[in-house]
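Each chain, written out:
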Amino acid sequence: MEIKLLNKSYKKNEQFYNDFLNDTIENNDDYFTDEIVYIKEAPDFPIYMAKRSEEVRKQLFLEAFETVGNHYLDSNRELHFDEQFWHSLLVLKKRDFLLREYPEITESITNFNNIVLKNFDWENYIYKTVIGAEYITDLVEDEAKRKYYNEVIVDNLDLYNYMIKYEVFRNKQFVFNILSIVDELELSSVLKKKITWRDDLGDDPRVGRQVLLEFNKAYPVVMSPMLEKEELKEIFMEYLGYYVEDADLKVLV
């Protein structure tokens, strides 16, 4: 499949939005660079999961992980982590899919920018999917185990989001080890809990986020991304103990 890459003028551009709705982007050379990329295939997958129930969101994520893991990771890594590539693919090749699955993009340019042209970072659903699919594909050979770890990511999405948010933790072995520890010790529900007894921790403190914050504060004294899983587990439980009562902690280990 041949995809022309957009130039940088397309973002937050009202005329670009109107041309998308009118299906007139592809014929306007002003929107494109001279660069063309080629990919083998580009099957549809969910690109936006907000405002869905927890169960629906989980199924959408699993579908996205499977499709991206099976069909998009053969490209050069620089390409499938490139914002312009994804935005070009979406507006040029996925217009009908987007209008069918996300009709709210016809209501306002704000919705269009938030769903289709969202910045390609840890808050972007495609980014979350690509990075998670790449990590699991690289580290897990067995297909059934890949599906299992995809579910572990989705079941611990808040924690996963905060790991890929911090550049120092955007490390596949660290992410995998942390998720494995959480899964092994069945900590999901504990880590999602709101910390209601500390007014000094911001608007929405969660146990899992605070544990990651402790890792971040300790780096580089504690080189957590390089630690083996068992070493990491010991420190993880120490930091968890800062936010969970001793009696509750003993039940977990």
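The rules behind each value
Each chain has its residues counted from 1, following the order in which its sequence is written. Note on the predicted model: pLDDT of at least 70 is required for a residue's local features to be given, and 80 or more for side-chain atom pairs to be given and counted; whole-chain, interface and lining totals, by contrast, use all residues. The basis for every side-chain value is the complete set of non-hydrogen atoms in the structure, without hydrogens or water. Among buried residues, the Ala, Val, Leu, Ile, Met, Phe, Trp, Tyr and Cys ones that are joined through side-chain atoms within 4.5 Å form a nonpolar core. When accessible area is computed with a 1.4 Å probe and restricted to protein chains, residues below 20% of their type maximum are described as buried, those above 50% as exposed, and intermediate ones as partly exposed. Helix and strand assignments come from DSSP, with helices taken as H or I runs of at least 4 residues and strands as E runs of at least 2, each series counted from the N terminus. Here, residues are in contact when the closest pair of their heavy atoms is within 4.5 Å. Patch definition: residues with relative accessible area over 30% and no salt bridge; like charges joined within 9 Å; nonpolar side chains (Val, Leu, Ile, Met, Phe, Trp, Tyr) joined within 5 Å. Each accessible area value is a Shrake-Rupley result obtained with a 1.4 Å probe; residue values ignore everything except the protein chains displayed when judging cover. For this document, the term salt bridge refers to a Lys or Arg side-chain nitrogen within 4 Å of an Asp or Glu carboxyl oxygen. Charge counting treats Lys and Arg as positive and Asp and Glu as negative, with His and both chain ends excluded. In this description, the location of a charge corresponds to atom NZ of lysine, CZ of arginine, CG of aspartate or CD of glutamate. Paired rings are identified among Phe, Tyr and Trp, the last through its six-membered ring, by centres lying within 6.5 Å, and are further divided according to the angle between planes into stacked (under 30 degrees), edge-to-face (over 60) and tilted (the rest). An axis is simply a line fitted to the C-alpha atoms; with a helix, the fit covers only the stretch in contact. Between two such axes, the angle follows the N-to-C directions and lies from 0 to 180 degrees. Should an angle lie under 35 degrees it is considered roughly parallel, over 145 roughly antiparallel, and from 65 to 115 roughly perpendicular; all remaining angles are considered oblique. Note on residue categories: nonpolar means Ala, Val, Leu, Ile, Met, Phe, Trp, Tyr, Cys or Pro, charged means Asp, Glu, Lys or Arg, and polar means any other residue, Gly included. Per-residue confidence from the predictor is reported as pLDDT, a score between 0 and 100. Multiply 1.5 Å by the residue count of a helix minus one, and that product is the helix's expected span. In the analysis that follows, any N or O atom pair within 3.5 Å is treated as a polar contact, provided that within protein one partner can donate a hydrogen and the other can accept it, and provided that, for residues neighboring in sequence, both atoms belong to side chains.

**Q** In this structure, what is going on with the nonpolar core? I would like to understand it.
**A** In this structure, V91 and F236 are the most contacted members of the largest nonpolar core, which totals 94 residues. If you tally residues by element for this core, the top one is helix α7 (residues 125-139), at eight residues. Among all residues touching F236, those that are not within four sequence positions of it are I178, I181, V182, L187, L191, V211 and F215.

**Q** Would you take a moment to explain a negative patch on the surface for this structure?
**A** Together, E228, E231, E234 and E238 make up a region of like negative charge exposed at the surface. Its location among the elements puts E231 in helix α13 (residues 229-240).

**Q** Just to check I follow, could you spell out the packing of aromatic side chains for this structure?
**A** In this description, a pair of aromatic rings is defined by centroid distance and the angle of the planes. Throughout the structure, instances matching the rule amount to 26 aromatic pairs. Taking the centre distance of 5.7 Å and the plane angle of 50 degrees together, the rings of Y239 and Y242 count as tilted. Note on Y239: relative accessible area 6%, which makes it buried. Residue classification places Y242 among the partly exposed residues on the basis of a relative accessible area of 43%. Linked through ring pairs, Y166, F169, F174, F215, F236, Y239, Y242 and Y243 together constitute an aromatic cluster.

**Q** Would you mind going over unusual backbone geometry with me for this structure?
**A** If a residue is not glycine, its phi is most likely negative; likewise, a peptide bond is most likely trans. Looking along the chain, the bond that leaves Y219 and enters P220 is cis, with omega of 10 degrees. Along the chain, the position of P220 falls in the loop between α12 (207-218) and α13. Of note in this structure, D23 is not a glycine but carries a positive phi near 60 degrees. Secondary-structure assignment places D23 in the loop between α1 (14-21) and β2 (32-38).

**Q** Got a minute to help me understand the packing of α7 against helix α10 (residues 172-184) in this structure?
**A** Helix-helix packing is described using two parameters, namely the angle between the two axes and the distance between the axes. The N-to-C vectors of α7 and α10 enclose an angle of 85 degrees; their axes lie 10 Å apart at closest approach. Viewed along their axes, α7 and α10 adopt a mutual orientation that is roughly perpendicular. Taking contact as the criterion, the partners of Y135, I136, D138 and L139 in α7 are, on α10, K172, Q173, V175 and F176. In terms of residue class, the contact of α7 with α10 is built from five nonpolar, one polar and two charged.

**Q** What exactly am I supposed to notice about the confidence of the model for the protein chain here?
**A** Low pLDDT marks regions whose predicted coordinates should not be analysed in detail. Across the protein chain, the average pLDDT comes to 93, with 97% of residues at 70 or higher. Per-element confidence in the protein chain is highest for helix α5 (residues 95-101), whose mean pLDDT is 98, and lowest for helix α14 (residues 246-252), whose mean pLDDT is 57.

**Q** Explain α10 to me, please; I cannot follow it from the model alone.
**A** Because each turn of an α-helix spans 3.6 residues, side chains separated by three or four positions end up pointing in the same direction. When the terminal C-alpha atoms of α10 are compared, their 18 Å separation across 13 residues agrees well with the 18 Å that a helix rising 1.5 Å per residue should span. Three or more residues of α10 are buried, namely F174, V175, F176, N177, I178, L179, S180, I181 and V182. Against α7, α8 (143-155), α9 (157-165), α11 (188-192), α12 and α13 lie the buried residues of α10. If you check the start of α10, you find a side-chain oxygen 2.9 Å away from the backbone N of Q173, and it comes from N171.

**Q** Looking at this structure, how should I read the pattern of salt bridges?
**A** Two side chains with opposite charge may pair up if their charged atoms get near one another. Applying the stated criterion across every chain, the model contains 19 salt bridges. With a closest N to O distance of 3.3 Å, K58 and E151 form a salt bridge. On the criterion of sequence distance, the pair formed by K58 in helix α2 (residues 54-71) and E151 in helix α8 is long-range, its members being 93 residues apart. The partner of D204 in a salt bridge is K194, with the nearest N and O atoms 3.8 Å apart. In this pair, D204 sits in the loop between α11 and α12 while K194 sits in the loop between α11 and α12, placing the two residues 10 residues apart along the sequence. Among the ionic contacts, a cluster of salt bridges with common partners joins D158, K194, D204, R206 and R209.

**Q** I would appreciate a short explanation of the environment of F32 in the present structure.
**A** Residue position: F32 is located in strand β2. Note: C-alpha distance between F32 and A42 (10 residues apart in sequence) is 20 Å. In this view, F32 contacts K4, L5, L6, N7, I25, E26 and L92; residues no more than four positions away in its chain are not counted.

**Q** So what exactly am I meant to see when it comes to the environment of I126 here?
**A** Tracing the backbone shows I126 in helix α7. Distance in space between the C-alpha atoms of I126 and F61 is 9.7 Å, their sequence separation being 65 residues. If sequence neighbours within four positions are ignored, I126 has contacts with F45, I47, W86, L90 and F120.

**Q** I would appreciate a short explanation of the side chain of R95 in the present structure.
**A** Among the structural elements, R95 can be located in helix α5. Take R95: its relative accessible area is 15%, and that puts it in the buried class. Of note is the side chain of R95, whose polar atom sits 2.7 Å from the backbone oxygen of F20.

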